[in-house]
Every structure is written in structure tokens, then in C-alpha cells.
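Below are the chains, spelled out letter by letter.
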Amino acid sequence: MAKKEKYGYTHLSAGELLRDERKNPDSQYGELIEKYIKDGKIVPVEITISLLKREMDQTMAANAQKNKFLIDGFPRNQDNLQGWNKTMDGKAEVSFVLFFDCNNEICIERCLERGKSSGRSDDNRESLEKRIQTYLQSTKPIIDLYEEMGKVKKIDASKSVDEVFDEVVKIFDKEG
Ligand code: C5P
Ligand code: MG
């Protein structure tokens, strides 16, 4: 059984939701999203939070007990964080943040490998270098903020998939 099932979480990936929205021919945001993703920049939060909130609301409307979410790739910058606080104030509690820590070179290598089959427009060296810059400038400070609140659970993600998974399981057994 997948852990998210065991612990009753619904997994939502901000990047995945944005990629789906980009594919939706009825969306007015498709082009903008593509441009941001290719440039490794963070899409304005109004778009991302509305996608996340819609998924959360739909999940809970279908089953009121499904009110625990594992949100992947969010918040990625100050704008994301402000949008979350504004929209979720009094509605959601952040229990903890999983930080998959891994050095740049390994991340780039893994994404280039993934790029052989992912079809993602940002799995190329140029976009990846930009993503690293965005991470250092905009995302790392957000992780630091959560760190100050004592909410960060750090995992050494340079290890193998199985080892990383075991670390995650330990955290969920304790916290989830
Ligand atoms: O997390 P993932 O690798 O799927 O993110 C891919 C891209 O999606 C990011 O580099 C960024 O352009 C966009 N994204 C975003 N805001 C988020 C998550 C992802 O703009 N919160
Ligand atoms: Mg992601």
C-alpha cells in the first residue's frame, strides 16, 4: 500500500496541476504557464492556489474525511507563501514540511535522465540551471522560514530511492 494511502493523505503536486492546466485548451493561462515553466520561474500564486484549492475542495466534497493533503512543490517563493496564507488562513494547518535535500549536480543529472522520457520542457540543462537559481533565490528562504518555525523535516535525497523512501516512512510514522 502506498504511504499516502496508509496515512490517509491526498497527494497534490503543484507542478503537475500547472502542467495539466497548461494542456487544457480552455485555459486562459496555458501560454503563461509554459513560459514560466521553461524559464524555471514561479507562476503567479493566484493561478497555482486556485488549482490547489479546487482539488482540495473537490476531494473533501466527495469525502469529508479526506482532509489531509501532501502538497508537493509548494510554497516555492514569497508570493506562493502569501497566497497560501491569504487563502488558507483559518482553513488549513501546516503540520510539517518535507525537505528533500540534494546537491545541484545530482539533481541536474537525475532530471536530465528523466528528460529522456518525461517530455517535460524544463528537463534540459538550460532550464535546470534557471531552476537552480530560482531555488537558491526564492525557495530556499521559504524553507528557512519554516525551519525557524521548527517545521522542517530534512531528508538526504542524494541516497537511493529505497533509502529516501525509508526516511520518509519514518517521518510519517512519527508525525503523520
Ligand atoms: O515541482 P515541479 O518540478 O513539477 O515544478 C516544475 C515547474 O512548475 C517549476 O519549475 C515552476 O516553473 C512551476 N511551479 C510553479 N509554482 C509551484 C510549483 C511549480 O510555478 N508552486
Ligand atoms: Mg514536483
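Residues numbered from 1 in each chain as written. Chains lettered and ligands numbered in written order. Predicted model: local features only at pLDDT ≥ 70, side-chain atom pairs only at ≥ 80, totals over all residues. Heavy atoms only, no water.

Chemist: Teacher, can you tell me more about the site of ligand 1 here?
Modeler: Residues in close proximity to ligand 1 total 16 residues, the closest being Arg-19, Lys-41, Val-43, Gly-73 and Arg-131. Taking Gly-73, its main chain carries an N or O atom lying 2.9 Å from a nitrogen atom of ligand 1. Listing elements by their share of the shell around ligand 1, those giving two or more residues are α2 (14–23) and α3 (30–38). Here the shell around ligand 1 is built from residues that sort into 7 nonpolar, 3 polar and 6 charged. (Near = heavy atom within 4 Å. Polar contact = N/O pair within 3.5 Å; in protein donor to acceptor, adjacent residues only side chain to side chain. Helix = DSSP H or I, 4+ residues; strand = E, 2+ residues; numbered from the N terminus. Nonpolar A, V, L, I, M, F, W, Y, C, P; charged D, E, K, R; others polar.)

Chemist: Help me understand the environment of Thr-48, please; the structure alone is not making it clear to me.
Modeler: Residue position: Thr-48 is located in helix α4 (residues 45–62). The buried category is assigned to Thr-48, whose relative accessible area is 5%. For Thr-48 and His-11, which are 37 residues apart along the polypeptide, the C-alpha to C-alpha distance reads 15 Å. (Buried < 20%, exposed > 50% of the residue type's maximum accessible area, 1.4 Å probe, protein only.)

Chemist: When you look at the packing of aromatic side chains in this model, what are you seeing that I'm missing?
Modeler: For any pair of aromatic rings, the description rests on two quantities: the centre-to-centre distance and the angle between the ring planes. In total, this model carries 4 aromatic pairs according to the counting rule given. Pairing Tyr-9 with Phe-172 gives two aromatic rings, centres 5.3 Å apart and planes at 90°, and the pair type is edge-to-face. A residue pair is termed long-range when its members are at least 10 positions apart, and Tyr-9 in strand β1 (residues 9–13) and Phe-172 in helix α8 (residues 161–175) qualify at 163 residues. Taken as a pair, Tyr-9 and Phe-172 share a single burial class, namely buried. Ring pairs connect the aromatic residues Tyr-7, Tyr-9, Phe-96 and Phe-172, which therefore count as one cluster. (Phe/Tyr/Trp six-rings, centres within 6.5 Å; stacked < 30°, edge-to-face > 60°.)

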